[in-house]
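# An overview of the molecular structure
Chain by chain, the residues run as shown.
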Amino acid sequence: MRDHIREIARVDAASPESSTLNDSPPPPKARLRRRLRPGTLLLVVLQRLLYTVVRTRVTPEDATALGVDFGKPICYVLEDRHLSSLLALEEETLHFGLPSALAPVGPEFPALKRAVFSVILNRNPLSTRTAEPSKTLARMTAALMRDPQLDVQLVPVSILWSRAPRSQDSLVKALFADAWASVGPLRQFAILLVHGRQTRVNFSEAISLKRLVGEEGDVSTAARKANRFLRFHFRRLRESAIGPDLSHRRNLIDAMLASASLQQAVGDEAARLRISAAKAEEHARRFAWEIASDFSYPVVRAMELLLARLWDRLYDQVLIHHGQELVKLAPGKGLVYLPNHRSHVDYLLLSYFISAQGLAPPHIAAGANLNFPLVGPVLRRGGAFFLRRSFKGEPLYASVFREYLHTMLERGFPIAYFIEGGRSRSGRTLSPKGGLLGMTLESFMRDHPRPLLLVPVYFSYEKLLEGDTLVAELEGQPKHAESLRELASVTRRLRRDYGSVQLNFGGPLSLDQFLDAQAPGWQALQGEECRDAARRLTLPLAREMTQRINSAVVINPINLFAMAIVGSPRYALDERALAQQIAWLQEIGTRLPYSEDAVIAADLPDAAIALARRLGFAVRVAHPLGDVITVPDTRISTLNYLRNNVLHAYALPALVASLIAGTREATPERLAEFCEDAQPFLRAELMLHRSREQAGAEAKRIVALFVDMGLARANELGTIRAPARFSPEYAGLDLLAQSLRHLLRRNYLTLALLAQVGSGRMRRTRLEELMHLLTQRLSLLFEFAPPDFYERSTFASYIDNLIESGIVDEDSEGLLHVDERSRAWQRSVERLLPPDAVLAIRRVAVDHAQT
């Protein structure tokens, strides 16, 4: 797979710093120094034998980055006592030009014959003895206590055997991959044989033992203090590479059930159902086993190998954007990944490529519908934890799930879930569901041992594995339950061509900074006050993260093709005109990007058309006057889905295009004012990130860009007009404007119905029902409309957003109220729609308002 995966702005998976590969024998000078270094002949022989199977990747590139003062004693710190680690350390210090680990620390410490000790990060899990500092550390600490002028530079050295999933090529390697558990000599020997050529050695900056000890007066206490710091340091490095230390699943559940909050929930359940406390606790334990993941490193490694082959079969390439920034931010922080949800493949891609960046794969919240035989256990061992679609009627289940999520976050496990709730069937990012996000917020406010970053992730597919299924469900066909039979039907489609996939990591949100801005003094909140604050802040947080997901949009070549051709009357364009339209869309997206994190394809328009033909989205019809590119009837809805993926990125340019094409002339200020008025409505449906004022400023930049591109004209007074009516530029401007026509019609129909019936006289259920019927009717009377134009769940989500944005108000009786802003926007939209469409909408609104 390594030939098919390309990472953008990628850093080495083991560290945010660059690295060098040491797979050649040491230079003559180093070999001479080896003979002069202290150590027995046996160690030299063993070192040579070790490096017949070991190749190392070392960070940083040179010793100057360590900040070592060669005039002071140096002592190295390892996290285990394996002989192989000591030999690897000796070899790499030699190549670095550092003092030998096998030499004495210095004349100030005559009793220390070697400049290395171990913190033994993982002891025997069955042992009850307290971890004690090594004798070397204790003696150095005692010497510093006797002579305050002394100091020792501690250089922690972390050695990971196998931290590159894509370099593994067998299940055997996966079974012997790095983990937290201590290993004996025989397993360590096997690991060396299997993974020796993927060894990663990380030298950390030198740490002053004197500063670690501080002003501590007792030698034993000071040594334990320094030992704790070093253990924590190694733990952070290993957490960043392979994830937090996982307790046994049973121990994790036992600890959850012993918590005060769950004990209270168990008592409440016993009282509610009138059963014994023991019986209620049994219910809680059963729920916990139903929910909890059973993470297994060997299973994860084996899955990585299988997935690498799957990506090789499915996709031309997988591109990763902005992974480097995330790798730099990750150490010492909790991570919650919030991706958009397009496909069931999202789960697998996210885990695999986060691991490929050198970060721990996240534990992903999966619907209970995926917990079916064979698949469920594998997903659970890969880190999935399962949740029911609804917690209603099961307060104890909700409490157990809340406590499980809190335990995972508190212990530093990376988490991932989809705030849209389910896969988008329209192609647009759905209105967020606040359940899991609210639990995350409440958990962090309750206990925050480390900073927590919410990381938006955007998936961009050129062709979806289950694209036809999603469109069929949108058109009204029943959803098939996930099962082995469904899985088997998917495997039959694996030999088809699905183009490329891209993952873009957006700008993370620091949760503590969000809380500082929204709820100053939140750290002091306790109990019900904390829960009330979390509930109040969940919706603003959900909106912010949804907008950040959309801000990380990736506009791929098929998105551009769909944007260009779906707005055409017969889903067909002259090939040269199509190529020009794609070029204009690229120029708009490049010169005025939707956000700092947005990515747009740089492929030539002809390459995008060729890709669309290869993937079955287009057919070339030869003609003597010029070839025509047309979309097969069976692919129109699918292309509309792919166009909707990026519609939010072109919404404001399309609105400006509609205004310029639909008016004789207007000033840039008037166009900006119109866009400001439209922004709350577009933002409610498309999750746009700009405020009203920002939309107005952006509209002026768009007008200037259109004038520069020839898509608009400006006279000497600065008034803006459309290009000549029969010019290619006017056709391109109108084609861009058409991408918003169905959205504006649905928007206008909603407001027209509410206005015609009267504010406060219709409930949302009735509005949704009428909207569903009327949009179906309009689709029959006029041009073909895509399924998302009349799909009922789309209306429900849109009305939710209007209510949450304050544009529409729902009173205690469920009646809807509109204000003057809505009426003004309705009048404005009328000017952008064709007269026949406005007449039809008015007619059906009046007819059904009377009934």
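This part is about the overall build of the protein chain. Looking only at helices and strands, one finds 35 helices and 25 strands in the protein chain. Burial statistics for the protein chain: of 851 residues in total, 56% are counted as buried. When contacts within the protein chain are restricted to residue pairs at least 6 apart in sequence, long-range pairs at least 24 apart make up 78% of them. For the protein chain, the computed accessible surface area is about 36800 Å², with 54% contributed by carbon and sulfur atoms.

What follows concerns the sheet that holds strand β21 (residues 628-630). Think of a sheet as strands paired side by side through backbone hydrogen bonds, with each pair either parallel or antiparallel. Across the sheet, which stays open at both edges, the 3 strands sit in the order β18-β21-β20 with antiparallel pairing between neighbours. The sheet is open, and its two borders are formed by β18 (572-574) and β20 (619-621), each paired with just one other strand. Recorded for the sheet is a direction-independent mean angle of 25° between the axes of neighbouring strands. Of the pairings in the sheet, the one linking β20 to β21 comprises 3 bridges and is antiparallel in character.

With that out of the way, let us pick up the environment of T136. As for its placement among the helices and strands, T136 is situated in helix α4 (residues 135-146). Overall, the relative accessible area of 16% leaves T136 in the buried class. In the structure, T136 is positioned 22 residues away from R114 in sequence and 8.7 Å away in space, judged by C-alpha atoms. If sequence neighbours within four positions are ignored, T136 has contacts with C75, L112, V116 and F117.

In this section: the side chain of N550. As for its position among the elements, N550 is in helix α21 (residues 527-551). For N550, a relative accessible area of 1% gives the class buried. Side-chain polar atoms of N550 contact the side chain of T429, separated by 2.7 Å. If sequence neighbours within four positions are ignored, N550 has contacts with T429, Y458, Y594, H648, L686 and M687.

Further remarks concern the pattern of salt bridges. Throughout the structure, instances matching the rule amount to 25 salt bridges. Where E544 meets R548, a salt bridge forms, and the shortest distance between an N and an O atom there is 2.7 Å. With E544 and R548 both in helix α21 and 4 residues apart, the pair spans about one turn of that helix. Overall, the relative accessible area of 27% leaves E544 in the partly exposed class.

Nonpolar side chains in soluble globular proteins tend to end up buried together. Ranked by internal contacts, the top residues of the largest apolar core, which has 202 residues, are Y337, F561, L639 and F706. In terms of residue count, the dominant contributor to this core is helix α26 (residues 647-662) (12 residues). In contact with F561, other than residues within four places in its own chain, are L578, I582, I609, A612, F617, A618, I629 and L639. Judged by nonpolar contacts, the second largest core, of 28 residues, contains V68, L87, F96 and V116.

With 5 of 5 residues buried, strand β4 (residues 74-78) lies mostly within the body of the structure. By the alternation rule, side chains of β4 split into I74, Y76 and L78 and C75 and V77, which are all buried. Across 4 bridges, the pairing between β4 and strand β6 (residues 153-161) is parallel. Its bridge partner being in β6, Y76 is matched across the sheet by V155. The sheet contact formed by β4 and strand β5 (residues 116-118) spans 3 bridges and is parallel.

Think of a pair of aromatic rings as described by two things: how far the centres are apart, and how the planes are tilted against each other in angle. Throughout the structure, instances matching the rule amount to 13 aromatic pairs. Residues F385 and F401 carry aromatic rings whose centres are separated by 6.0 Å and whose planes lie at 40° to one another, so their mutual orientation is tilted. Of this pair, F385 sits in strand β12 (residues 385-387) while F401 sits in helix α16 (residues 395-410), and the two are 16 residues apart along the sequence. Residue F385 shares its accessibility class with F401, and that shared class is buried. Three or more aromatic residues joined by ring pairs make a cluster, and in this case those are F287, F385, F391, Y397, F401 and Y404. Just above the ring of F287 sits the side chain of R286; from NZ or CZ to the centre is 5.7 Å. Over the aromatic face of Y498 sits the side chain of K463, whose NZ or CZ is 5.7 Å from the ring centroid.

To continue, consider the confidence of the model for the protein chain. The share of residues in the protein chain with pLDDT of 70 or more is 84%, and the mean pLDDT across the chain is 82. No element of the protein chain has a lower mean pLDDT than helix α1 (residues 28-36), at 39, and none a higher one than strand β17 (residues 554-555), at 97. Counting contacts from residues 164-168, a segment whose pLDDT is below 50, to residues more than four positions away or on other chains yields 24 contacts.

Taken together, L41, V45 and L49 make up a surface patch of nonpolar side chains, about 310 Å² in accessible area. Along the chain, the position of L41 falls in helix α2 (residues 41-50). Residue L41 is classed as exposed on the basis of its relative accessible area of 67%.

The omega angle of the peptide bond from T59 to P60 is -5°, so this bond is cis rather than trans. Inspection of the secondary structure puts P60 in the loop between β3 (56-59) and β4. The backbone of R274 sits at a positive phi, close to 55°, despite the residue not being glycine. Tracing the backbone shows R274 in the loop between α10 (260-273) and α11 (277-291). Non-glycine residue H322 carries a positive phi angle of around 60°. For H322, the location among the structural elements is in the loop between β9 (318-321) and α13 (323-329).

Moving on: helix α29 (residues 728-738). Looking only at α29, the buried set comprises Y730, G732, L733, L735, L736 and A737. Looking at the buried residues of α29, the elements they touch are α22 (557-565), β18, α23 (575-591), α26, α28 (692-709) and α30 (741-757).

What counts, and where the lines are drawn
- Residues numbered from 1 in each chain as written.
- Predicted model: local features only at pLDDT ≥ 70, side-chain atom pairs only at ≥ 80, totals over all residues.
- Heavy atoms only, no water.
- Helix = DSSP H or I, 4+ residues; strand = E, 2+ residues; numbered from the N terminus.
- Buried < 20%, exposed > 50% of the residue type's maximum accessible area, 1.4 Å probe, protein only.
- Contact = heavy atoms within 4.5 Å.
- Areas by Shrake-Rupley, 256 points an atom, 1.4 Å probe, with all protein chains shown as cover.
- Pairing = 2+ DSSP bridges.
- Axes fitted to C-alpha atoms, helices over the stretch in contact; angles between N-to-C directions.
- Polar contact = N/O pair within 3.5 Å; in protein donor to acceptor, adjacent residues only side chain to side chain.
- Salt bridge = Lys/Arg side-chain N within 4 Å of Asp/Glu carboxyl O.
- Core = buried A, V, L, I, M, F, W, Y, C linked by side-chain atoms within 4.5 Å.
- Phe/Tyr/Trp six-rings, centres within 6.5 Å; stacked < 30°, edge-to-face > 60°.
- Lys NZ or Arg CZ within 6 Å of the ring centre and 35° of its normal.
- pLDDT = per-residue confidence, 0-100.
- Patch = residues over 30% accessible without salt bridge, like charges linked within 9 Å, V, L, I, M, F, W, Y side chains within 5 Å.

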